[in-house]
Amino acid sequence: NIRNVFSAVYLAEANDSKKRTAVKGKHLELIQEQCVLLDDDMRWLVALISDTGMRLGEAAGLLIEDIHLDATVLHIAITPHPHRPLKTSSSKRLVPLVGCSLWAAERLVKNAQSLYCFSRYNRNDTTNTNSASAALNKWMKSLCSESLVIHGLRHGMRDRLRAVETPMEMIDQICGWSLKSVGQGYGDGYDLEHCHSWMLK
């Protein structure tokens, strides 16, 4: 009867761990304003994330065919691709396009020159998320604050959805977070129209 030597071992969280700053309010307004002003592919990527809450890798690896501007509810289909798999099964979803993200999607479709939305980050059949992260973080820090990073837009999106009292299960569905209960896996979830109405708020 060999006792597990690791049982009852408590590992405290590191005191120096940093929580990412949620990008919202005046910082979000400034970032979106500059995205429209500069109007290039890097800023389209930031704008696309800003009002969808997508992960950077999800957005950077999008194909033009993933953008649906001819549907009843304009949206992006986030699906796995050979060059860019998804983090979890819950990551596969449809995300309505509103605000600055809709503007970015329209610019991407209008200026498409390849199958990829962001060709500079998709070479050798792989999405280079690290390169995108470094460049965009540097730009955001110079524009607003040293504490801001691109992933903060995703944190900010959750806070913004909370602020208008969006159901938590819908927030998880829109942003592709993993299911937290067995019950959440039942049924088909919220329809695109319902998600769109809350995102407009």
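See the structure shown above.
All figures in this text were calculated on a predicted structure; none of them were measured in a lab.

1. Here we look at helix α1 (residues 25-38)
So, point 1. Compared with an ideal rise of 1.5 Å per residue, which puts 14 residues at 20 Å, α1 spans 20 Å between its outermost C-alpha atoms and is within 8% of the ideal.
So, point 2. Against the buried residues of α1 lie α2 (41-50), α4 (99-110), α5 (129-143) and α6 (152-163).
So, point 3. Following α1 by one or two positions, D39 adopts a phi angle in the positive range, close to 50°.

2. Thoughts on the packing of aromatic side chains
Where two aromatic rings form a pair, the distance of their centres and the angle of their planes describe that pair.
So, point 1. Scanning all chains against the criterion turns up zero aromatic pairs.
So, point 2. A cation over an aromatic ring shows up here: K201 above the ring of W198, its NZ or CZ 3.8 Å from the ring centre.

3. Observations regarding the state of the cysteines
So, point 1. As enumerated under the stated definition, the model contains zero disulfides in all.
So, point 2. Lacking any disulfide linkage, C100 is separated from the closest cysteine sulfur, that of C35, by 5.7 Å.
So, point 3. Since its relative accessible area comes to 9%, C100 is described here as buried.
So, point 4. The closest cysteine sulfur to the non-disulfide-bonded C175 is located on C195, 10 Å from its own sulfur.

4. With respect to the nonpolar core
So, point 1. Within the largest apolar cluster, 49 residues are counted, with the highest numbers of intra-cluster contacts made by L45, V46, L48, I76, F118 and I150.
So, point 2. Element by element, the count of residues in this core is highest for α2, at seven residues.
So, point 3. Not counting residues within four places of it along the chain, the set of residues in contact with I76 comprises L48, M54, L62, D66, I67, R93, L94, V95 and L97.

5. A look at α2
So, point 1. In terms of burial, α2 is largely enclosed, as nine of its 10 residues are buried.
So, point 2. Of all the positions in α2, only M42, R43, W44, L45, V46, A47, L48, I49 and S50 are classed as buried.
So, point 3. Elements that come into contact with the buried residues of α2 comprise α1, α3 (56-60), β2 (75-78), α4, α5 and α6.

6. Structural notes on the sheet that holds strand β1 (residues 67-68)
So, point 1. Spatially, three strands are ordered β1-β2-β3 in an open sheet, and the strand pairing comes out antiparallel. Each edge of the open sheet is held by one strand with a lone partner, namely β1 and β3 (93-96).
So, point 2. Judged from the four bridges that link them, β2 and β3 form a sheet pairing that is antiparallel. Looking across to β3, one finds that I78 is bridged to R93.
So, point 3. Against the sheet, helix α8 (residues 192-200) makes contact with β2 and β3, and its axis sits at roughly 40° relative to β3, the strand it touches most.

Basis of the calculations
- Residues numbered from 1 in each chain as written.
- Predicted model: local features only at pLDDT ≥ 70, side-chain atom pairs only at ≥ 80, totals over all residues.
- Heavy atoms only, no water.
- Helix = DSSP H or I, 4+ residues; strand = E, 2+ residues; numbered from the N terminus.
- Expected span 1.5 Å × (residues − 1).
- Contact = heavy atoms within 4.5 Å.
- Phe/Tyr/Trp six-rings, centres within 6.5 Å; stacked < 30°, edge-to-face > 60°.
- Lys NZ or Arg CZ within 6 Å of the ring centre and 35° of its normal.
- Disulfide = S-S within 2.5 Å.
- Buried < 20%, exposed > 50% of the residue type's maximum accessible area, 1.4 Å probe, protein only.
- Core = buried A, V, L, I, M, F, W, Y, C linked by side-chain atoms within 4.5 Å.
- Pairing = 2+ DSSP bridges.
- Axes fitted to C-alpha atoms, helices over the stretch in contact; angles between N-to-C directions.

Purely geometric stuff here, so don't read any function into it on its own.
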